[in-house]
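Commentary on secondary and tertiary structure
Residue strings, one per chain:
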Amino acid sequence: MKKVGLYFGTFNPIHIGHLVIANHMVEYSDLDEVWFVITPQSPFKKKQSLLDNHHRYQMISEAVHEYPKLKPNKIEFDLPKPNYTIDTLVHLDEQYGSDLSFSLIMGEDNLKSFHKWKNYEAILENYCIYVYPRISEGSMENQFKNHPKITQVNAPIMEISSTFIRNQHKKGKNIRPLLPHSVWKYMDEMNFYR
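Residues numbered from 1 in each chain as written. Predicted model: local features only at pLDDT ≥ 70, side-chain atom pairs only at ≥ 80, totals over all residues. Heavy atoms only, no water.

- The protein is annotated in an unreviewed UniProt entry as Probable nicotinate-nucleotide adenylyltransferase from Flagellimonas maritima.
- Per UniProt, the comment on the protein under Function (unreviewed entry) is "Catalyzes the reversible adenylation of nicotinate mononucleotide (NaMN) to nicotinic acid adenine dinucleotide (NaAD)." (UniProt positions renumbered as here; feature names shortened; annotations may be inferred.)

Okay, here's the thing in structure tokens:
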């Protein structure tokens, strides 16, 4: 059975940090593919500078074009809002469950607040979680330390954020090295985040 890691985010825009993490997961863990699951609207974020879903999907498609093990996924576009990870996982299992097994990919910072997620116990019971390192405040719940379903993957620490990219782009700074070339081109042509 093929193992798919689900990398959730707004990807607004997708940048090289996202690609480095996703590629590292697929090359240095037992995952066969990584899907970028684009969040239409997070219950925790206000929707001010969020690009339309189809533009973010298009930028991810451009970014992963040369990486056959990385794929964009828009399943959450059609699910009821606000959408929670557990609902997406159940939905994906109904759709692909006989052929694919799904795992979550998250940063260490998210694992620290994982106990606040809706039905987090059910997620942990039924899915594996692959965690990549982040520089972050706070400490991890004891129940997540050495948990059999949680795998720490020693990926590079990427301290690049989409927020930083949007803000600096607006100020006229050159942020091109932080983006895959095709994403920069699309963003520039569409005049995004100016």
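1. As for the overall build of the protein
- Within the protein, the regular secondary structure consists of 7 helices and 6 strands.
- The order of helices and strands in the protein, counted from the N terminus, is β-α-β-α-β-α-β-α-α-β-β-α-α.
- By the compact-globule yardstick of 16 Å for 194 residues, the protein fits well, its C-alpha radius of gyration being 16 Å.
- With respect to the principal axes defined by its C-alpha atoms, the protein has extents near 45 × 35 × 30 Å.
- Expressed as a percentage of the 194 residues in the protein, the buried residues total 47%. (Helix = DSSP H or I, 4+ residues; strand = E, 2+ residues; numbered from the N terminus. Rg over C-alpha atoms; globule rule 2.2 N^0.38 Å. Buried < 20%, exposed > 50% of the residue type's maximum accessible area, 1.4 Å probe, protein only.)

2. Regarding helix 2 (residues 53–64)
- With 12 residues, helix 2 should reach 16 Å at 1.5 Å per residue; the first-to-last C-alpha distance of 17 Å fits that figure.
- Where the residues of helix 2 are buried, they touch helix 1 (16–28), strand 2 (33–38), strand 3 (70–73) and helix 7 (181–190). (Expected span 1.5 Å × (residues − 1). Contact = heavy atoms within 4.5 Å.)

3. Quick look at the packing of aromatic side chains
- Tallying each qualifying case throughout the model produces 13 aromatic pairs.
- In this structure, K74 packs its charged tip against the face of Y57, placed 4.4 Å from the ring centre. (Phe/Tyr/Trp six-rings, centres within 6.5 Å; stacked < 30°, edge-to-face > 60°. Lys NZ or Arg CZ within 6 Å of the ring centre and 35° of its normal.)

4. Quick word on the side chain of E76
- Counting through the fold element by element, E76 comes out in the loop between strand 3 and helix 3 (85–96).
- At 7.8 Å, K81 is the nearest oppositely charged side chain to E76, a buried residue that forms no salt bridge.
- Polar contacts involving the side chain of E76 include one to the side chain of N83, which spans 2.9 Å.
- Filtering out sequence-adjacent residues up to four positions away, E76 remains in contact with F8, V37, I38, T39, P40, K81, N83 and T88. (Lys, Arg positive; Asp, Glu negative; His and termini not counted. Salt bridge = Lys/Arg side-chain N within 4 Å of Asp/Glu carboxyl O. Polar contact = N/O pair within 3.5 Å; in protein donor to acceptor, adjacent residues only side chain to side chain.)

5. Topic: the nonpolar core
- Counting 35 residues, the largest nonpolar core has Y7, I14, M25, V34 and F36 as the members making the most contacts within it.
- Contributing elements (two or more residues each) for this core: helix 1, strand 2, helix 2, strand 5 (128–132) and helix 7.
- Looking at which element gives the most residues to this core, the answer is helix 1, with 5 residues.
- Every residue in contact with Y7, bar those within four places of it in the chain, is listed here: H18, I21, A22, V34, W35, F36, V37, I105 and Y132. (Core = buried A, V, L, I, M, F, W, Y, C linked by side-chain atoms within 4.5 Å.)

6. Some thoughts on the pattern of salt bridges
- Here the structure, examined in full by the defined rule, presents 8 salt bridges.
- In this structure, the salt-bridge partner of E33 is K71, at a minimum N-O distance of 3.8 Å. Separated by 38 residues along the polypeptide, E33 in strand 2 and K71 in strand 3 bring together distant segments of the chain.
- Relative accessible area serves as the criterion here: at 9%, E33 is assigned to the buried category.
- What makes K71 partly exposed here is its relative accessible area of 30%.
- Between R194 and D188 there is a salt bridge, with its nearest N and O atoms 2.6 Å apart.
- Its relative accessible area of 32% is what places D188 among the partly exposed residues.
- Via salt bridges that share partners, K2, E33 and K71 belong to a single interconnected network.

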